[in-house]
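Inside the fold
The primary structure of each chain is shown beneath.
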Amino acid sequence: MKRFRLNPFANSFGLASIVVGSLLLTGCSQGGDTVAGGSAVSHPGKAVYDDYCYSCHNPGLNGAPRIGDVDEWRPRIAKGRGLLLASTVNGLAPAMPARGLCYSCTDEELSHAVDYLIELAQPKPAQPKPAQ
Ligand code: HEC
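Between A93 and P94 the backbone carries a cis peptide bond, its omega angle lying at 5°. Considering the arrangement of structural elements, one finds P94 in the loop between α5 (81-90) and α6 (107-120). In this structure, R99 takes a positive phi of about 55° despite not being glycine. With respect to the helices, strands and loops of the structure, R99 is situated in the loop between α5 and α6.

Before going further, it helps to spend a moment on the site of the ligand. C53, C56, S87, M96 and G100 are the nearest of the 28 residues found near the ligand. Listing elements by their share of the shell around the ligand, those giving two or more residues are α3 (46-57), α5 and α6.

Attention now goes to the confidence of the model for the chain. In this model, the chain carries an average pLDDT of 81, and 70% of its residues clear a pLDDT of 70 or more. Of the regions scoring below 50 in pLDDT, residues 6-10 engages in one contact with residues more than four places distant in sequence or in other chains. Confidence drops under a pLDDT of 50 for residues 13-38, and excluding neighbours within four residues, the segment shows five contacts in the predicted structure.

About the cut-offs
Residues numbered from 1 in each chain as written. Predicted model: local features only at pLDDT ≥ 70, side-chain atom pairs only at ≥ 80, totals over all residues. Helix = DSSP H or I, 4+ residues; strand = E, 2+ residues; numbered from the N terminus. Near = placed C-beta within 6 Å. pLDDT = per-residue confidence, 0-100. Contact = placed C-beta atoms within 7 Å.

Here you go:
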């Protein structure tokens, strides 16, 4: 306590760094939400996907099921979301690393990323057949 009294700026400095800190945090999360594509509503799993899963699941590296590939995902989705999340958290031999290499991600963030993959792999709604 005595140290605070000796430095009259201690309190206001502490407050300032909290304000600056939260501005930085806000800036970060906004950055994640406004990724290219311009869609106003971003999926909560997209930021994690773009940062960690993208490098394998976009090109289909080492047999990774490609994002948005309905046929590659169908048999995996059929196993159930719970198993897909378990493979994500624990990894799946030989080439899917535990936590998709995002060791700082919470299980919840990983589950959003799994939902994002599942959502983009849904069969497209039936298109009206062109008249023949
Ligand atoms: C280093 C490359 C790599 C990264 C990074 C990666 N994956 Fe994968 N993932 C794979 C491969 C390869 C497979 C296919 C594994 C198999 O079936 O042998 C796979 C499979 C999966 C599956 C299907 C699991 C199953 O049970 O069929 C899910 C879900 C998945 N990944 C989610 C993710 C998520 C979410 C992330 C990011 C947090 C991620 N992956 C990051 C390579 C990767």
